[in-house]
Structures are given as C-alpha cells and as structure tokens.
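# Descriptive structure summary
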Amino acid sequence: MRLKRPKSRGRHLRSQLWFDNPDNPGMTALYLERYLNFGLTKQELTSGKPIVGIAQTGSDLSPCNRHHLELAKRVREGIRDAGGIAFEFPCHPIQETGKRPTAALDRNLAYLGLVEILYGYPLDGVVLTTGCDKTTPACLMAAATVNIPSIVLSGGPMLNGYWKGERAGSGTVVWQARSDHAAGKIGYDEFIDAVTSSAPSAGHCNTMGTASTMNALAEALGMSLPGCAAIPAPYRERAQIAYETGGRAVEIVHEDLKPTDILTRKAFENTIVACSAIGGSTNAPIHINAIARHVGVKLPIEDWEKIGYDVPLLVDMQPAGKYLGEDYYRAGGLPAVMHELLKAGRLHGDAKTINGKTMAENVRGAKVQNRDVIRSYTKPMKKNAGFKVLKGNLFDSAIMKTSVITEEFRRRYLSNPKCPNVFEGRAVVFEGPEDYHHRIEDPSLKIDENTLLVIRGVGAIGYPGSAEVVNMQPPAALIKKGITALPCIGDGRQSGTSGSPSILNATPEAAAGGGLALLQSGDRVRIDVAKGNADILVSKAELARRRAALEKRGGFAYPASQTPWQEIQRAMVDQLADGMVLKPAVKYHRIAQKHVPRDNH
C-alpha cells in the first residue's frame, strides 16, 4: 500500500495506515472520527508522531502487577516527552496465586490476545508491562510474533518480608511453614501469619521465583533497560525507569529496532547462562523456549544443560540462598551478575540490547556492591549450578535444578560411595494433587526415606495447563523424624520459589503417552544424575505389555475440560520441553513485516 505523507524521520509509520492515508480517505476519516471522541485531536494523530501502546497487565485480579496502573502514568509522560502518543490497553489478567486451575492456562490465551492487538490496531511500538510469572513470556511471545518495536518494563519485586526477625521470602516461606505445620510445630493461625508476612508491599515475589527469574531474563535477553528487573516495586527508581522506558519506546520506533534484532541465538545463550548464575526458576526453560520458538530461534531443551549446567551459582537469594529482592538490588542486581559472567568469558558481549548498546557496553562498568549477596565467578556459592536434563524410559526429557540440592539431600540420596549421584527407590504414584493430599498420610503406602514420590496427570494436557504440584512434601511422620524432603518426579511444574530439587517438566507427559503413564506404585526407579538417566527398572517386555493395556483402555485418563479454552488449548498445546506453545502458532513470524491488516469497512 502506497503512502505519500507524512514521514517519521524519513520512514512511514504503521499508524499512518489508519490516521493519515490520503490514498484511502473514506477509511482514514472513519478511523480518525472515533479516536477523536475522547479528546485527542486530528493534529496529534496526523502529526507523524509515533503511537506507542502500553500493554497493561495490571488489575485488581493481578495484585503482583497492579502497581503498573500507576507506573503507566510515568510511561505516558516518557512517551509524550520523547515526542510520541501513548495508547494504553488491557491485557488478559494472569495471577499465579489467584487463577484456578493454573495461571499457566492463561499464558497462551494472553499471548493470542496481545498478538491480535499489536497487529490489528494502530500501534507503532509497545511497552510491555510485566511482573507475575506468565505475564513476561506472554508479552514477549506476542512481541516476537508480531515484531513491532517493543520494550519490557518489569514491575519489580516486593520489599523484603520478615517473620519473627528472619527474612520471609514469598513462596519459599510457604514450603517451610507447611513442613512446620505438618510436624506440629505451629498451628493454623501462625501458619497463615508466617506465609502472609512475606508480602509486605506492592510487587511480585521477592524471592528468585519465576517472576524475578523471568524479568531478569527479559533483561538478559536485552529487552529491558539495564538494571530494570531488580528494582523493588515501591522504590522511586522503579517510577524513574518507567519514565525512561517510555522515552526509549519512542526512540526504538524511530530506529525501527524490533524484537528480531535483539532476540538472536546469542541472546538466548546469554539468558541460559544468566539463569544458572542467579539460581533461576525451573519454569524458565518452558517460557524461554516458547519465546525462542515464536521468534524462530532453535533452542532445544538439551541446550539448557549444554550451555548452562557448568555455570556457577553467584546469587545468594532464596530459594537457593538466604537473601531477598531488596538485598539483591542493593548488591547490584542483574548488571553486576552479568559483569561477573562477562569477565569470565561466559557471555556474548556483542549481543545487541534495547538501549542500542551491546551487552558488554551495558554491564562492563557494573560493580558488585555486596559480595555476600552476589559472589565472584571464582568464589561462587556452588559450582555447576545449572539444570540437569534427564532422559530414559520414564520420559524423553525432564529437568532437575541442581542449585537447590542441599547437603542433606545430597548426603541422603546422592552419596552412595559405590554409585555416586545415583538414587534408586520404590515409587509411590499419585494421580494428581487431589490424590496426593488424600493419600500421603496413608500408612499402608509405607512411605519411608527410600521412597520416590511420583505425580502424574498434571502436565499441559492432563491438568490442563500444567500445575505447580511436583514438589510434594513427605508424610508428617517422616517430617517429625527430620526427613523434610523426598525425591519427587512429575509431568507438571513446581513453583520457582520452591527449594526442592524435583525432577519435573517431564516430556511427554502421561496424558500424551509418556513413560510415566506406565509406572506403577511399587516399581523400582533408578535416577543417575551424573549420566542423566531416569528409568523404571522393569523389562522392555513388561513395559510393552503395560503400554498395550493402556492403549486398550483408551489411553491415560484425565479430567474432562471445564471451559471452552481448556478444550481448545488441550487440542493444540505442545509439551513442556518444547515451550508449551500452541503448535499452530509457531509458524507465524514477523507478521507486521509480512502483512498489512485489511480494512474493517
């Protein structure tokens, strides 16, 4: 479609197809007419100024992102002062702790909605407001698909929580409080008070859970301004960087700096390295792999071990450590971590970032302000802190977070002198979380310290959406004996705030015919962490017999869909290792460069 005027610094803007297209006066008048009805002027909309969207993920249903309703005001001011026009719009709400059966169902739904907005409305660029776990990948997946100039503004963590004088990390305190409650150390009221003490202010999790991880990784990818991710939500610097992000959003439109310019293979490799160094969430591979697929970068699950396993843990932050978000920010945040990684030769320093500079240029001058919180590369908290990818007849792949393997867990399960880093135990299988909660205290299961807890039917198809339920605690009788963690395996996820070294994200899940569907309580299971093997110790003939019986029964049974979206997603969703994306969606790349939306009248 030919456009004659005006130009933005020598380049036509997408929004001019709506608001200043003399080749199509009828439609131009129609578009202008309605967008003037709340006070915008014709002169503004035909001025050639970039129209920058603010993808608003904050709402009362999304408390972790709610302060974006205020931050958007500063974004607007930044956009206006840089010579742009702000259009704020809502995104589908996602709240990890609010949505049942799981907020993971909403990630792809929010993605689809945002794709349609970014492509079909008069936007030249967008500020993506992120925070709670799934909002970050949903926004980045959409930006990668449509490929208009985009920049991430994270909302920041809550202030540090405290309970009885000790740091209480959001999410992480839950697991300890559950254990104390089961052991009879605390009652119901104290349990509730301990958990709620971890949320003292606006913001997302103040631990290195999935929210802090994904916002850090948005910065590691190069999609946020340097230092953005770690700023606590209530700090003045959070509003200041919101203003700066708005201004930069206008500039990237003029520069035509798009997600595909930044989200390269080098950027994803940097992100895997950063995730290991910060002790990032086990949900990160799911979401980062999804972003990679939507931008067209090949990133198999094996790369998480190949690139990141031997990266040391540099950040002492719950759940892998003891500190919280404020401590991490004051110690230097992600730029300081990336500085250490750059010095060690672990980063692609030439990777481009959203401020127009390379990663090396952004972090070369960043300094660690507190070595208790952010360690040096040569004196880390732990060596080899990345994810281990396991394979065997139980699944094609699953991951294990090695940075949270405690000395007690390692001594109990991975220190057999004859077979180091190998555990073999009797499996007790639960059909979803309801079955687990109903039967975990059943003495007839004879769960002891050598038992391996397995949960299935909780994956992308089976749950649906994949639930954060794999980190199962032992029966109260074992907890009272001091055994607070058993080996766990599942085809679902677990919270990034959990310190459990579970084997999770099993692909394919039981509902898709994975090996977990063939497992029976009482089977012996062998886990070899060194070799990356996970196997049921039964013969191939027995597994074949079980599979034939499973197929005769019509496959693995799981609950019926309860909403239209559950049914739609189940029919087209991919497995966790492959990003849990909607399979028909990944073929759509660079939409804004390939297509012009048809007129609506």
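All values derive from a computational prediction rather than experimental measurement.

Moving on, we get to the sheet that holds strand β3 (residues 125–130). Whenever strands of a sheet pair, they do so through backbone hydrogen bonds, lying parallel or antiparallel. Read across the sheet, 4 strands follow the order β2-β1-β3-β4 without closing on themselves; strand pairing throughout is parallel. Each edge of the sheet is formed by a strand with only one pairing partner; in this case those strands are β2 (85–90) and β4 (150–154). In this sheet, neighbouring strand axes are inclined to one another by 25 degrees on average, regardless of whether the strands run parallel or antiparallel. Lying over the sheet, helix α6 (residues 135–146) contacts β3 and β4, oriented at roughly 165 degrees with respect to β3.

Moving on, we get to the pattern of salt bridges. All told, the structure shown has 35 salt bridges when counted by the stated rule. The salt bridge partner of E96 is K134, with a shortest N-O separation of 2.3 Å. Placement of E96 in the loop between β2 and α5 (104–120) and of K134 in the loop between β3 and α6 is noted, with a sequence separation of 38 residues between them. Residue E96 shares its accessibility class with K134, and that shared class is buried. Residues E340 and K343 are paired through a salt bridge, measuring 3.7 Å at the closest nitrogen-oxygen approach. Here E340 pairs with K343, and both are found in helix α16 (residues 333–343), just 3 residues apart, close to one helical turn. Given a relative accessible area of 56%, K343 falls into the exposed group. The network of salt bridges with common partners includes E96, D133, K134, E468 and R493.

This paragraph deals with α16. When you tally the buried positions in α16, you get 9 out of 11 residues, the bulk of the element. Of the residues making up α16, those classed as buried are G333, L334, P335, A336, V337, M338, H339, E340 and L341. Residues of α16 that are buried sit in contact with α9 (210–221), α12 (265–278), α15 (325–331) and α17 (359–363). G345 occupies a position one or two residues after α16 and carries a positive phi of about 75 degrees.

Attention shifts here to the confidence of the model for the protein. Summing up the model confidence of the protein, the mean pLDDT is 96 and the portion of residues at 70 or higher is 98%. In this model, residues 1–9 is a region of pLDDT below 50 whose contacts with residues beyond four sequence positions or in other chains number 29 contacts.

Okay, the pairing of strand β8 (residues 395–401) next. In terms of burial, β8 is a largely internal element, 6 of the 7 residues being buried. Where strand β7 (residues 387–392) meets β8, 5 bridges bridge the pair, whose relative direction is antiparallel. Within β8, the position partnered with L390 by the bridge is A398. Here β7 hands over to β8 after 2 residues, the two strands then running antiparallel side by side.

Here we come to the packing of α5 against helix α22 (residues 564–572). What describes two packed helices is the angle between their axes and the distance between those same axes. Put simply, α5 and α22 touch, their axes get as near as 11 Å, and they point 85 degrees apart. Classified by the angle between their axes, α5 and α22 sit roughly perpendicular to one another. Judged by residue contacts, A104, L105, N108, L109 and L112 of α5 engage W565, Q566 and Q569 from α22. For the contact of α5 with α22, a count of residues per class yields 5 nonpolar, 3 polar and no charged.

Cut-offs used in this document
Residues numbered from 1 in each chain as written. Predicted model: local features only at pLDDT ≥ 70, side-chain atom pairs only at ≥ 80, totals over all residues. Heavy atoms only, no water. Pairing = 2+ DSSP bridges. Helix = DSSP H or I, 4+ residues; strand = E, 2+ residues; numbered from the N terminus. Axes fitted to C-alpha atoms, helices over the stretch in contact; angles between N-to-C directions. Contact = heavy atoms within 4.5 Å. Salt bridge = Lys/Arg side-chain N within 4 Å of Asp/Glu carboxyl O. Buried < 20%, exposed > 50% of the residue type's maximum accessible area, 1.4 Å probe, protein only. pLDDT = per-residue confidence, 0-100. Parallel < 35°, antiparallel > 145°, perpendicular 65-115°, else oblique. Nonpolar A, V, L, I, M, F, W, Y, C, P; charged D, E, K, R; others polar.

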